[in-house]
Amino acid sequence: MDTSETKQLLMHFYIVLVANSILIYDHMVTLPEEIAFIWCRLRTLSAMLFLVNRYVALFGNIYALFIDFVPQSDEVR
């Protein structure tokens, strides 16, 4: 891997990390409102869709972070 590719890969990792940090920060900041307005009311379709959308995105991004940052072996099985 040459220097240019290494810099691009490093920049990609930084961008992914910043984007996921913002997503996780947003989830932490808005959690009290979510508890008050979603969890403490009747279960409606809109509330369920909100929760599915919110947590599928969160867990999908956490999984992607794990895949991006865990070292991969170069060996083929």
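Peer 1: Before we move on, could you go through the overall build of the protein and cite the residues and values that matter?
Peer 2: Regarding its fold elements, the protein presents 2 helices and 0 strands. For 77 residues, the compact-globule estimate of 2.2 N^0.38 gives 11 Å, and the C-alpha radius of gyration of the protein, at 18 Å, exceeds that figure by more than 25%. C-alpha atoms of the protein, sized along the principal axes, occupy 55 × 30 × 15 Å. Among the 77 residues that make up the protein, the fraction classed as buried is 13%. When contacts within the protein are restricted to residue pairs at least 6 apart in sequence, those whose partners lie at least 24 apart make up 65%. Counting only carbon and sulfur atoms, one obtains 71% of the accessible surface of the protein, whose full area is about 6,500 Å².

Peer 1: Can you tell me about helix H1 (residues 3-39), naming the residues and giving the values?
Peer 2: One turn of an α-helix holds 3.6 residues; hence residues three or four places apart share an orientation. With 37 residues, H1 extends 50 Å from end C-alpha to end C-alpha; this agrees with the ideal 54 Å at 1.5 Å per step. If you look at H1, its biggest bend is around 50°, right at Thr30, and the proline Pro32 turns up within four residues after that. Those residues of H1 lying buried are Val16, Asn20, His27, Glu34 and Ile38. Where H1 is buried, its residues meet helix H2 (45-69).

Peer 1: Quick one: what's the story with the packing of aromatic side chains, residue by residue and with numbers?
Peer 2: Per the stated rule, a full pass over the model turns up 2 aromatic pairs. An angle of 40° between the planes, with centres 5.0 Å apart, marks the rings of Phe13 and Phe69 as tilted. Linking Phe13 in helix H1 with Phe69 in helix H2, this pair joins segments that are 56 residues apart in sequence. Judged by centre distance (6.1 Å) and plane angle (35°), the ring pair of Tyr55 and Phe59 falls under tilted. In this pair, Tyr55 and Phe59 are both assigned in helix H2, 4 residues apart and thus about one turn of the helix distant. According to the relative accessible area criterion, Tyr55 is partly exposed, its value standing at 22%. Judged by relative accessible area, Phe59 falls into the exposed class, the value being 54%.

Peer 1: So what's going on with a nonpolar patch on the surface? Residues and values would help.
Peer 2: Residues Ile24, Tyr25, Met28, Val29, Phe59 and Ile62 make up a contiguous nonpolar surface patch of about 620 Å² in total accessible area. Among the elements that line the nonpolar patch, the one with the most residues is H1, at 4 residues. For Ile62, the position within the fold is in helix H2. For Ile62, a relative accessible area of 39% puts it in the partly exposed group.

What counts as what
Residues numbered from 1 in each chain as written. Predicted model: local features only at pLDDT ≥ 70, side-chain atom pairs only at ≥ 80, totals over all residues. Heavy atoms only, no water. Helix = DSSP H or I, 4+ residues; strand = E, 2+ residues; numbered from the N terminus. Rg over C-alpha atoms; globule rule 2.2 N^0.38 Å. Buried < 20%, exposed > 50% of the residue type's maximum accessible area, 1.4 Å probe, protein only. Contact = heavy atoms within 4.5 Å. Areas by Shrake-Rupley, 256 points an atom, 1.4 Å probe, with all protein chains shown as cover. Expected span 1.5 Å × (residues − 1). Bend = angle between axes of the 7 residues up to and from the residue. Phe/Tyr/Trp six-rings, centres within 6.5 Å; stacked < 30°, edge-to-face > 60°. Patch = residues over 30% accessible without salt bridge, like charges linked within 9 Å, V, L, I, M, F, W, Y side chains within 5 Å. Salt bridge = Lys/Arg side-chain N within 4 Å of Asp/Glu carboxyl O.

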